[in-house]
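Examining the three-dimensional arrangement
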Amino acid sequence: QMSAAGNLCNSEYTKQAVTMAEENKEFVCGFICIESVTANESLLNFVPGVNISSSGDALGQQYVSPGDAIKKGADIIIVGRGIYKAADPAKAAKEYRDAGYKAYCDALTGA
């Protein structure tokens, strides 16, 4: 799965990738995906396209908030432009860390 509009991944591609990963867990640790693709807890879900202040851009990127990424099953959030294009990247990285951790704790408590 990809977070850009018009990508070439479809449900059959995703299904085949999940099957291969589940059969090769000694080699695969998880998936870059926009939502959880397996119930197998030994495989991680890395969700890209996380941005606190934008929902999309001119390149077709579709962003989600840290909270939405966690709700969709993210074990790890992937943030790019929200950090490296920030006026203060270190401060932005801390904001994303804190927002992601809060979303994770809220998911655990049902908040």
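Structural data are supplied above this passage.
Residues numbered from 1 in each chain as written. Predicted model: local features only at pLDDT ≥ 70, side-chain atom pairs only at ≥ 80, totals over all residues. Heavy atoms only, no water.

The next subject is the sheet that holds strand β2 (residues 44-47). Strand order in the open sheet formed by three strands is β1-β2-β3, and the pairing between neighbours is parallel. Since the sheet does not close on itself, it has two edges, and those belong to β1 (30-32) and β3 (76-77), each with one partner. Of the strand pairs in this sheet, β2 and β3 are connected by two bridges, and their pairing is parallel. When the bridges of β3 are listed, Phe46 appears paired with Ile76. (Pairing = 2+ DSSP bridges. Helix = DSSP H or I, 4+ residues; strand = E, 2+ residues; numbered from the N terminus.)

In this structure, Val47, Val50, Val64, Ala69, Ile70, Ala74, Val79, Tyr96 and Ala103 together form the largest nonpolar core, which totals nine residues. When contributions to this core are tallied by element, the ones reaching two or more residues are α2 (66-71) and α4 (89-109). Each residue touching Tyr96, except ones within four places of it in the same chain, is listed here: Val50, Asn51, Ile52, Pro66, Ile77, Val79, Gly82 and Ile83. Counting residues in hydrophobic clusters, the runner-up holds five residues, among them Val18, Ala21, Cys33 and Leu43. (Core = buried A, V, L, I, M, F, W, Y, C linked by side-chain atoms within 4.5 Å. Buried < 20%, exposed > 50% of the residue type's maximum accessible area, 1.4 Å probe, protein only. Contact = heavy atoms within 4.5 Å.)

With that settled, the discussion passes to the layout of surface pockets. Put simply, the largest pocket is a space of about 210 Å³. For the lining of the largest pocket, the secondary-structure elements that each account for two or more residues are β3 and α4. With six residues, the single largest contributor to the lining of the largest pocket is α4. For the lining of the largest pocket, a count of residues per class yields eight nonpolar, three polar and two charged. (1 Å grid on protein atoms, 1.4 Å probe; cavity = no way out; pocket = protein on both sides within 12 Å on 5 of 7 lines; lining within 4 Å. Points joined across faces, edges and corners; volume = space filled by probe spheres on them. Nonpolar A, V, L, I, M, F, W, Y, C, P; charged D, E, K, R; others polar.)

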